[in-house]
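# Structure assessment
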Amino acid sequence: MTLRQAQGDTRDDAPMLEVEGVSTMRGRVQVLWDVSLTVRLGETVAIVGPNGAGKTTLVGSITGLLPPSAGRIRIQGADVTGSAPERLAARRVALVPERRGIFAPLTVRENLLMGAYARKAPRAELDADVAGVLELFPALQRYIGGIAGSLSGGEQQMVAIGRALMAKPDLMLLDEPSLGLAPKIRSEIFGALSRLAQRGVTILLVEQNLRLAAKICQRAYLMQRGRIVGTATPEELAESARKVYLESHG
Amino acid sequence: MIAQVWQYVLGGVVDGAIFALVAAGFVLIYQVTGIINFAQGEFVMVGGMTAASLAAAGMPPLGAAAVAVVVAACVGALAYLLAIRPARGATGVTLIFITLGLDVALRGLALFVWGTNPYSLPPFSAGNAVKLFGGVLPPQAMWVLGTDLLVFAALYLFFQKTYVGTAVRAAVANPPIASTFGIPLRTFAFASFVVAAAIGGIGGVVITPIPGVQYDAGLTYGLAGFVAAVLGGLESLPGALLGGFVLGIVEHVAGGLLSPGWEQGVGFLILVLVLVLRPQGLLGRAARRA
């Protein structure tokens, strides 16, 4: 894969997310080293890299779950470094966590409603938003009153994405949304993500599957061993995915 | 013989109702914060002692009861703010020792304020004993059972039918992810202590007219409530209700048939059996939260 230092232009130059020189520790181990990236308003940006590259730690640092030990994080220009996750939720930052992280004992509907907790919206508005999520993921309609923990992995992923959408996010962070899903479900979910991107939702996507990432992102950062080591276009990601496929299939 | 056992059962139901309230406090705090609050029984004592001493000073019983519940809730709030919150991030064992220390401190404070004399509170309503299938219950027992019903119904409605209650369940299910959606974990932790203390205080107020109360009553209620909570499953409010009644009845029947000294011994025997045979309790889930 070709590495590039410069970015292509995007729909809007206003930065939604700026990560500047962030270093993060997990206990006594430093996982992120001087990580910097920018996501502009309305962009879909992917972070790709192998297992253990620090992608999930980076998402944790952005959402306040793992405050960085150095560096700055800005959302729409406001410094949010080390802010509690609750405060970031108020800034309309929504997370679709790795392995979904749904509220297993709650119903699908309750899970979706919890996504809107920070909005303090009236009930009628929330009901309309739930209907909007069901439009995006019609498969959830029949399980709406069912316990979320009893759903399949793909359905739980739809709940997790729907829950994040209920926050009406300005910035949506997705951590490995394809992980552990059957190919058919993956394409359904990435189809929905693609429609969201077209609606102008700003998305930061952490993904190991280069082919899927290439389908929806406008550009990508490459991470290795806790560092950003370069950037790539969707075409470069797709080409890299093709090479990996050919190598692994002889 | 059967009539005698039935009378012990009725007595156990009344005690069990209070054990269930204390157990509900244990469960509430444990679910929301992961802390086993061994000072829970002291909230019963604070409620009972405050109501009894205010009534003795001339305040109408219902007014004294209301003030006592507020005082218990305030003690719960202070306990969280002064003892638990500063230790957030501490290990589970450290937090257990903190609540044990809190228990001793509250008992010592009660000894300082009220002394060693027992206090009593007049029953909330006059009338004859209530007859039930040949057994009898004091009129106050109806207040105790009615209070249990109201408290558990209110908890059920709050958790199952309200938006904030659903948010508390979400926070219990997955705290870090809940926080990313703006669900305020610390506020809920504080509220769990306040509500658990208020429930304990309510228990203290309604039970005091039957056995009376003194400064060290919280220890007994706390231990019984803990056993009831473990028996029902530390994460289950219906389990707390069931555990409270089972413990109350078994203790009373054993105490009546063997000797009163056996009551607590049987309670702890049940605790050991549950921990060995069914550690998740009667209604608890096998695994810890998702």
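## Points about the pattern of salt bridges
Counted according to the given criterion, the structure contains 11 salt bridges over all chains. Salt-bridge contacts for Glu20(A) lead to Arg74(A); the nearest nitrogen and oxygen are separated by 2.9 Å. Placement of Glu20(A) in strand β1 (residues 15–26) and of Arg74(A) in strand β4 (residues 70–75) is noted, with a sequence separation of 54 residues between them. Between Glu42(B) and Arg107(B) there is a salt bridge, with its nearest N and O atoms 3.0 Å apart. With Glu42(B) in helix α2 (residues 40–56) and Arg107(B) in helix α4 (residues 92–114), this residue pair connects regions lying 65 residues apart in the sequence. We classify Glu42(B) as buried; its relative accessible area is 0%. Because the salt bridges share partners, they merge into one network encompassing Arg119(A), Glu125(A), Asp129(A) and Lys168(A).

## Topic: the sheet that holds strand β9 (residues 219–224) of chain A
Residues and elements named next belong to chain A. An order of β6-β7-β8-β3-β9-β10 is seen for the 6 strands of this open sheet, with the pairing classed as mixed. For this open sheet the edge positions go to β6 (93–96) and β10 (227–232), each flanked by a neighbour on one side alone. Neighbour to neighbour, the strand axes of the sheet diverge by 20° on average, direction disregarded. The pairing of β6 with strand β7 (residues 171–175) spans 4 bridges and is parallel. Note that in β7 the partner of Leu 95 across the bridge is Leu 173. Contacting β6 and β7, helix α5 (residues 153–166) crosses the sheet at an angle of about 175° to β6. With respect to the sheet, helix α6 (residues 183–198) is in contact with β3 (44–48), β7 and β8 (202–207), its orientation differing from that of β8 by roughly 150°.

## Some remarks on the packing of aromatic side chains
Note on aromatic pairs: each is described by the distance of the centres and the angle between the planes. Enumeration over the complete set of coordinates arrives at 9 aromatic pairs over all chains. For the ring pair Phe26(B) and Phe226(B), a centre distance of 5.7 Å and an interplane angle of 55° mean the geometry is tilted. Here Phe226(B) lies in helix α9 (residues 217–232) and Phe26(B) lies in helix α1 (residues 2–33), a separation of 200 residues in the sequence. For Phe26(B), a relative accessible area of 1% puts it in the buried group. One aromatic cluster in this structure is built from Phe26(B), Phe38(B) and Phe226(B). Looking at Arg163(A), its charged tip hangs above the ring of Phe103(A), at a distance of 4.7 Å from the centre.

## Comments concerning the domain arrangement of chain A
Residue and element names in this part refer to chain A. According to the domain assignment, chain A contains domain 1 (1–92 + 171–190 + 200–250) and domain 2 (96–168). Distance from the C-alpha centre of domain 1 to the C-alpha centre of domain 2: 23 Å. When the two sides are added together, the surface that domain 1 and domain 2 hide from each other amounts to roughly 1300 Å², 65% of it contributed by carbon and sulfur. Three residues stand out in domain 1 for area buried against domain 2, namely Arg 92, Met 172 and Ile 189, and they jointly supply 36% of the buried area on that side. The interface formed by domain 1 and domain 2 holds 0 salt bridges in total. Elements represented by at least two residues in the side of domain 1 that touches domain 2 include exactly α2 (85–90), β7 and α6. Sorting elements by how many residues they give to the side of domain 1 that touches domain 2 places β7 first, with 4 residues. The class makeup of the residues in the side of domain 1 that touches domain 2 is 10 nonpolar, 1 polar and 4 charged.

## Let's talk about the packing of α1(B) against helix α10 (residues 237–257) of chain B
Residue and element names in this part refer to chain B. Running from N to C, α1 and α10 point in directions that differ by 145°, and their axes come no closer than 6 Å. When you trace α1 past α10, the crossing you get is right-handed. Partitioning the contact of α1 with α10 into residue classes produces 18 nonpolar, 7 polar and 2 charged.

## Re the pairing of β7(A)
All names here are of chain A. Across the 5 residues of β7, 5 count as buried, placing the element largely inside the fold. Judged from the 5 bridges that link them, β7 and β8 form a sheet pairing that is parallel. Directly across from Leu 174, in β8, lies its bridge partner Leu 205. Crossover β7 to β8 through α6 is right-handed.

## Description of the side chain of Thr166(B)
Mapped onto the elements, Thr166(B) comes out in helix α6 (residues 163–173). With residues near it in sequence (within four places) discarded, Thr166(B) still touches Leu106(A), Glu110(A), Met114(A), Phe158(B) and Phe159(B).

## Some details on the packing of α1(B) against α9(B)
All names here are of chain B. For the pair α1 and α9, the least separation of the axes is 7 Å and the interaxial angle reads 70°. When the axis of α1 is compared with that of α9, the two are roughly perpendicular. For the pair α1 and α9, the contacting residues are Ile 18, Phe 19, Val 22, Ala 23, Phe 26 and Val 27 in the first and Tyr 221, Gly 222, Ala 224, Gly 225, Phe 226, Ala 228 and Ala 229 in the second. Looking at the contact of α1 with α9 residue by residue, the classes come out as 11 nonpolar, 2 polar and no charged.

## What to know about the nonpolar core
Counting residues in each nonpolar core, the largest one holds 111 residues, and the members touching the most others are Leu17(A), Leu58(A), Phe103(A) and Ile183(B). Here the element with the most residues in this core is α1(B); it accounts for 15 residues. In terms of domain composition, this core takes at least three residues from each of domain 1 (1–92 + 171–190 + 200–250) and domain 2 (96–168) of chain A. If sequence neighbours within four positions are ignored, Leu17(A) has contacts with Leu37(A), Thr38(A), Val39(A), Ile62(A), Ile73(A), Arg74(A), Ile75(A), Leu171(A) and Leu204(A). Within the second largest apolar cluster, 50 residues are counted, among which are Ala121(A), Leu140(A), Leu165(A) and Ala167(A).

## Considering the interface of chain B and chain A
Taken together, the 21 residues of chain B in the interface contact 24 residues of chain A. Of the roughly 1900 Å² buried at the junction of chain B and chain A (both faces included), carbon and sulfur atoms supply 71%. Of all residues in chain B, Tyr163(B), Thr180(B) and Phe181(B) bury the most surface against chain A, accounting for 41% of the area lost on that side. On inspection of chain B and its partner chain A, the count reaches 1 salt bridge.

## Examining the pairing of β4(A)
In summary, the side chains of a regular strand alternate between the two faces of the sheet. Residues and elements named next belong to chain A. One ladder, built from 5 bridges, connects β1 with β4; its direction is antiparallel. Within β4, the residue paired with Glu 20 across the bridge is Arg 72. For β4 and strand β5 (residues 78–79), the ladder comprises 2 bridges, and the chain directions are antiparallel. Bridge pairing links Ile 75 to Ala 78 in β5. Connecting β4 to the antiparallel partner β5 that follows it, the hairpin turn spans 2 residues, and Gln 76 within it adopts a positive phi of roughly 45°.

The rules behind the values
Residues numbered from 1 in each chain as written. Chains lettered and ligands numbered in written order. Predicted model: local features only at pLDDT ≥ 70, side-chain atom pairs only at ≥ 80, totals over all residues. Heavy atoms only, no water. Salt bridge = Lys/Arg side-chain N within 4 Å of Asp/Glu carboxyl O. Helix = DSSP H or I, 4+ residues; strand = E, 2+ residues; numbered from the N terminus. Buried < 20%, exposed > 50% of the residue type's maximum accessible area, 1.4 Å probe, protein only. Pairing = 2+ DSSP bridges. Axes fitted to C-alpha atoms, helices over the stretch in contact; angles between N-to-C directions. Contact = heavy atoms within 4.5 Å. Phe/Tyr/Trp six-rings, centres within 6.5 Å; stacked < 30°, edge-to-face > 60°. Lys NZ or Arg CZ within 6 Å of the ring centre and 35° of its normal. Domains from an automatic or database assignment. Buried area = accessible area lost by both parts, 1.4 Å probe. Nonpolar A, V, L, I, M, F, W, Y, C, P; charged D, E, K, R; others polar. Left-handed = near helix turned anticlockwise from the far one by under 90°. Right-handed = clockwise from strand over helix to strand, strands pointing away. Parallel < 35°, antiparallel > 145°, perpendicular 65-115°, else oblique. Core = buried A, V, L, I, M, F, W, Y, C linked by side-chain atoms within 4.5 Å.

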